[in-house]
Amino acid sequence: MRIEIKKIEEIKNLISGKKIFIFSCDNCGFESFEKKNKEVFFYLAELKTEIVGIYNLTMDKCNVGSLKKIIDEIEDDINRADNILTFTCGGLPQILPNYIKKPVIPATNTLKIEPGRSLGSFARLCSACGECWIYYTGNLCMEKLCPKKMRNGPCGGAEDGICEVYERLCPWVILFRTNRISEEDFLKIIPPKDFSKILLQE
Amino acid sequence: MNFEEKLKSGRFVITAEVSPPRGVDVSSFVSRTLILKDRIDAVNVTDFQNVGVRITSLVGSYLLLKDGIEPIFQITARDRNRVAISGELLSAYALGIRNVLVLTGDYTTTGIAKSAKPVFDLDAVNILKIAKGLESGEDFTGKKLNKSPNFFLGAVFNPNLTPLDIEILKIKKKILAGAEFFQTQLVFDLSIMERVREKVGGEIKIIAGVTIFKSVEMIEYMINNVPGIKIPKYILEKFEGKDNIRSIGIELCVDLCSKMKESKLVDGVHFLASRPSDIIEVMNILRW
Ligand code: SF4
Ligand code: SF4
């Protein structure tokens, strides 16, 4: 798994407070926690925030059952935080909002997930598109869930909430039904994706 | 007055969609559509409708324009990336086409050419933004144009979607992106338009989609194959067990059109999937 940390300017616009809780991981065993977190802390120093806690997620704990227990354990730290920042692939920040009612912001772009290697289970929720944009869409990944990868709202083809392509709920309908996106955020126009990022990966 | 001026002056406008031919003989496409000339205000030319190989919307629009019919050039995000879409928009304007209807487009696998690669590099909102960018003199890469176009940009919405609130937010977003008028998917129930007006106000120009049902097969096809179409039960019941489908279809359309005009909820009607000769028949009955 290959991940890059987003540019400071991008994250600065997203965080809404000074106190940050961090989720990190070892890129499904591709990186050492030591090396990765050194980079993470260097980055956070530049961001000038107060870190109220960090959790290092290992592959064996990268599943819903373990996550619920972990969140119970770190509840106090999380309560003190304004924002949660994830330095993982795009899977975890899609799951966390189910359990933590605070802004969860992916601080990374997932560039590559090698097939055939063992992965944490949340990695299945991320297509490694190279430019993580789930914070625009209530932390649901349209790259994965929407056949047209719609950035600015549903395409209009869903019938009774069911996607025009596959027999499953349109993720945009889920977003609105679960109030994961505010009207104000929805009305922001999301520009087209920058494909050069992913196209330039070997 | 052109289409834009008519719509902006508050006139009740009439539009219809036609599909360019599947093949290189364009004569009947033009002659069939010519009967709408001077009877309706603009003709939409579909963009590879139902994911089928046809003459392009651009060329279809140009052929109509040459013969004195004002076209609305339709462009979707399904078959072209942002470079091709920008180029098509510039080409259209250079040929004298000003009205553009922007759509995201149905997915490839819901139509004929299922094996084709779906592009969706942009969505309708971003096509509108790209068109606005061209109007301000630059393409999306920031390169300057030697002269900028000036489009009359439209978008679509589907009043059949549930929940309707999402669709209303999308209307607002498309207006922010540059849409100046809307054409809708089929509307049968005017109370939906009432709800739309409550939320978006009276200023926005909305042209409501209507159709003339020709056969039971057409009704079934629409229900089963066209994404986003919902035909209410009470409409379907009117056709059940009858063999004069076409005359019931005409009657139904006449009734709906006159109610729409009376209601003042919409700024016009847009004939979808209807034969030009049938449209003229409906308009004659309505004395439009
Ligand atoms: S947008 Fe989706 S596919 Fe892209 S990095 Fe984020 S979670 Fe992964
Ligand atoms: S119905 Fe929803 S999930 Fe399906 S293509 Fe349209 S926007 Fe995407």
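Residues numbered from 1 in each chain as written. Chains lettered and ligands numbered in written order. Predicted model: local features only at pLDDT ≥ 70, side-chain atom pairs only at ≥ 80, totals over all residues. Heavy atoms only, no water.

Caption draft 1: Representation of the packing of helix H2 (residues 27-34) of chain B against helix H3 (residues 57-66) of chain B in the model. Residue and element names in this part refer to chain B. H3 packs onto H2 with a crossing angle of 55 degrees between their chain directions and a minimal axis gap of 10 Å. In terms of orientation, H2 lies oblique with respect to H3. Considering how the two elements wind past one another, H2 and H3 form a crossing that is right-handed. Judged by residue contacts, Phe29, Val30 and Thr33 of H2 engage Gly60, Leu63 and Leu64 from H3. Each residue belonging to the contact of H2 with H3 can be placed in one class, and the counts come to 4 nonpolar, 2 polar and no charged. (Axes fitted to C-alpha atoms, helices over the stretch in contact; angles between N-to-C directions. Helix = DSSP H or I, 4+ residues; strand = E, 2+ residues; numbered from the N terminus. Parallel < 35°, antiparallel > 145°, perpendicular 65-115°, else oblique. Left-handed = near helix turned anticlockwise from the far one by under 90°. Contact = heavy atoms within 4.5 Å. Nonpolar A, V, L, I, M, F, W, Y, C, P; charged D, E, K, R; others polar.)

Caption draft 2: Spotlight on the site of ligand 1. With respect to spatial proximity, the complete set of residues near ligand 1 consists of A:Gly90, A:Gln94, A:Thr110, A:Cys126, A:Ser127, A:Ala128, A:Cys129, A:Cys132, A:Trp133, A:Ile134, A:Cys141 and A:Glu143. Across the shell around ligand 1, the residue classes tally to 7 nonpolar, 4 polar and 1 charged. (Near = heavy atom within 4 Å.)

Caption draft 3: Representation of the pattern of salt bridges. Residue and element names in this part refer to chain B. Scanning the entire structure with this criterion turns up 29 salt bridges over all chains. Across the pair Glu4 and Lys8 runs a salt bridge whose closest N-O atoms are separated by 2.5 Å. Of this pair, Glu4 and Lys8 both sit in helix H1 (residues 3-8), 4 residues apart, which is roughly one turn of that helix. Taking relative accessible area as the criterion, Lys8 reaches 46% and is therefore assigned partly exposed. (Salt bridge = Lys/Arg side-chain N within 4 Å of Asp/Glu carboxyl O. Buried < 20%, exposed > 50% of the residue type's maximum accessible area, 1.4 Å probe, protein only.)

Caption draft 4: Representation of the side chain of B:Thr108 within the structure. Residues and elements named next belong to chain B. Among the secondary structure elements, Thr108 is positioned in the loop between strand S4 (99-103) and helix H5 (124-135). Relative accessible area serves as the criterion here: at 1%, Thr108 is assigned to the buried category. Those residues in contact with Thr108 that lie beyond four places of it in its chain are Val51, Arg78, Ala113, Lys114, Ala116, Lys117 and Pro118.

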